[in-house]
Amino acid sequence: MNILHVSCSPLGQAAESHRLSQRIVGFLLAREPGATVTNRVIGDGTIPHVDENYAIAQQSTADPSQEGSIALSEELIQEVERADFVVIGTPVHNFTVPSALKAWIDLVVRARRTFDVTKDGKIGRLRDRPVYVAVASGGRYSGERARQPDFLTPYLKAVLGVVGLRDLTFFSVQGTASGPDAVAEAKASADQAVQDHFHSMCFTDRLRPVFAIAVLSN
Ligand SMILES: Cc1cc2nc3c(=O)[nH]c(=O)nc-3n(C[C@H](O)[C@H](O)[C@H](O)COP(=O)(O)O)c2cc1C
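**Observations regarding the site of the ligand**
Inference 1: As a matter of local geometry, the ligand sits amid 16 residues, with Ser 9, Ser 17, Asn 94, Gly 139 and Thr 176 nearest to it.
Inference 2: At 2.7 Å from an oxygen atom of the ligand is found a main-chain nitrogen or oxygen belonging to Gly 139.
Inference 3: Here the ligand loses 70% of its free accessible area of 640 Å² to cover by the protein chains.
Inference 4: Here the shell around the ligand is built from residues that sort into six nonpolar, nine polar and one charged.

**Topic: the side chain of Ser 21**
Inference 1: If you trace the backbone, Ser 21 turns up in helix 1 (residues 16-31).
Inference 2: Note on Ser 21: relative accessible area 0%, which makes it buried.
Inference 3: Among the polar contacts listed, one links the side chain of Ser 21 to the side chain of His 5, at a separation of 2.8 Å.

**Overview of helix 4 (residues 99-108)**
Inference 1: Most of helix 4 is tucked away, with seven of its 10 residues classed as buried.
Inference 2: Where helix 4 is buried, its residues meet strand 1 (2-7), strand 2 (36-41), helix 2 (52-59), helix 3 (69-82), strand 3 (85-91) and helix 5 (152-162).

**Description of the sheet that holds strand 6 (residues 131-137)**
Inference 1: One open sheet accounts for five strands, arranged 2-1-3-6-7; its pairing is parallel. Only two strands of the sheet have a single neighbouring strand rather than two, namely strand 2 and strand 7 (168-174). Across the sheet, the axes of successive neighbouring strands diverge by a mean angle of 15°, strand direction being ignored.
Inference 2: As paired strands, strand 1 and strand 3 are joined by five bridges and run parallel to one another. Looking at the pairing, Ser 7 lines up with Gly 89 of strand 3.
Inference 3: Together, strand 1 and strand 2 form the strand contacts of helix 3, whose direction differs from that of strand 2 by roughly 150°.
Inference 4: Lying on the sheet, helix 6 (residues 180-200) is in contact with strand 6 and strand 7; it crosses strand 7 at an angle near 160°.

**Let's talk about the packing of aromatic side chains**
Inference 1: Using the criterion set out here, one finds three aromatic pairs in the structure.
Inference 2: Both rings, one in Phe 27 and one in Phe 198, keep their centres 5.4 Å apart while their planes meet at 5°; by these two values the pair is stacked. Taken together, the residues span a long stretch of sequence, with Phe 27 in helix 1 and Phe 198 in helix 6 at a distance of 171 residues.
Inference 3: Classification of Phe 27 by relative accessible area gives buried; the value is 16%.
Inference 4: Taking 6.5 Å as the distance between ring centres and 20° as the angle between the ring planes, the aromatic pair formed by Tyr 132 and Phe 171 counts as stacked. Residue Tyr 132 is located in strand 6, and its partner Phe 171 is located in strand 7; the two are separated by 39 residues in the primary sequence. Neither residue differs from the other here; Tyr 132 and Phe 171 are each classed as buried.

**Points about the pairing of strand 1**
Inference 1: In terms of residue burial, strand 1 counts as a mostly covered element, since five of its six residues are buried.
Inference 2: Pairing between strand 1 and strand 2: six bridges, direction parallel. Looking at the pairing, His 5 lines up with Asn 39 of strand 2.
Inference 3: Regarding the hand of the β-α-β motif, the stretch spanning strand 1, helix 1 and strand 2 is right-handed.

**Description of the pairing of strand 7**
Inference 1: Strand 7 sits mainly inside the fold: five of its seven residues count as buried.
Inference 2: Across seven bridges, the pairing between strand 6 and strand 7 is parallel. Within strand 7, the residue paired with Val 135 across the bridge is Ser 172.
Inference 3: A crossover links strand 6 with its parallel partner strand 7, the connecting element being helix 5, and its sense is right-handed.

**Observations concerning unusual backbone geometry**
Inference 1: Notably, Phe 95 is not glycine yet its phi reads approximately 75°, a positive angle.
Inference 2: Residue position: Phe 95 is located in the loop between strand 3 and helix 4.
Inference 3: A positive phi is found at Arg 112, a non-glycine position, where the angle reads about 65°.
Inference 4: Counting through the fold element by element, Arg 112 comes out in the loop between helix 4 and strand 4 (115-118).

The rules behind the values
- Residues numbered from 1 in each chain as written.
- Predicted model: local features only at pLDDT ≥ 70, side-chain atom pairs only at ≥ 80, totals over all residues.
- Heavy atoms only, no water.
- Near = heavy atom within 4 Å.
- Polar contact = N/O pair within 3.5 Å; in protein donor to acceptor, adjacent residues only side chain to side chain.
- Areas by Shrake-Rupley, 256 points an atom, 1.4 Å probe, with all protein chains shown as cover.
- Nonpolar A, V, L, I, M, F, W, Y, C, P; charged D, E, K, R; others polar.
- Helix = DSSP H or I, 4+ residues; strand = E, 2+ residues; numbered from the N terminus.
- Buried < 20%, exposed > 50% of the residue type's maximum accessible area, 1.4 Å probe, protein only.
- Contact = heavy atoms within 4.5 Å.
- Pairing = 2+ DSSP bridges.
- Axes fitted to C-alpha atoms, helices over the stretch in contact; angles between N-to-C directions.
- Phe/Tyr/Trp six-rings, centres within 6.5 Å; stacked < 30°, edge-to-face > 60°.
- Right-handed = clockwise from strand over helix to strand, strands pointing away.

Written out as structure tokens, the structure reads:
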């Protein structure tokens with residue numbers, strides 16, 4: 001089993017979203033101790049914006065040069081393809097995903113590689129698999145005490161759905177800019193939600209359809 005852990009905060013290992021996503025990885029590893037974890041750290045700005053060649057390739061059916069953004073895109077896509085589970089740890093920046101995660105998305109959501117454009121719209125090419133998203137935000141964006149819009153959740157659902165990733169589960173620690181008691185409560189509540197999710201989940205049931213497809217195709 002392969003787990004891809006994408007860590008998107010500029011705060012790195014000190015980030016709340018990293019802590020929560022690491023906790024999710026921990027539960028997956030507890031179920032599958034032999035699993036391989038690929039840590040893709042992007043919050044430090046290591047993913048550049050797409051280059052000119054990449055932008056041209058998105059508009060053209062000709063085979064693009066395999067250098068620059070296309071090469072990095074290929075590397076990132078193959079990490080997703082190899083993963084049985086994708087875990088994303090991300091803060092909210094200005095109501096949505098941080099630019100580091102947007103740069104990753106721009107390289108993974110690629111025409112004629114991870115999705116096709118058809119007369120009926122965009123059709124994903126990737127096999128669906130569970131994607132866990134651990135979110136940290138200074139304020140609240142859901143529930144009765146929300147005071148800001150949430151563009152992160154619908155955006156990730158829409159854009160990852162384009163490539164075929166629809167099995168998304170969100171956990172969040174909201175209100176990290178509040179007082180220490182409120183933050184402690186938010187963290188405990190998020191940790192409990194993660195724990196409840198994995199304790200109530202039957203892994204064999206989730207994996208059975210994948211196994212059935214593997215048997216049929218052999
Ligand atoms: C550039 C920037 C923009 C931010 N915008 C928002 C925002 O729109 N809404 C919000 O609730 N918090 C916002 N925050 C606060 C972060 O979401 C908050 O500090 C969060 O806990 C950071 O998570 P992390 O520790 O995983 O990086 C912003 C922080 C930064 C640095």
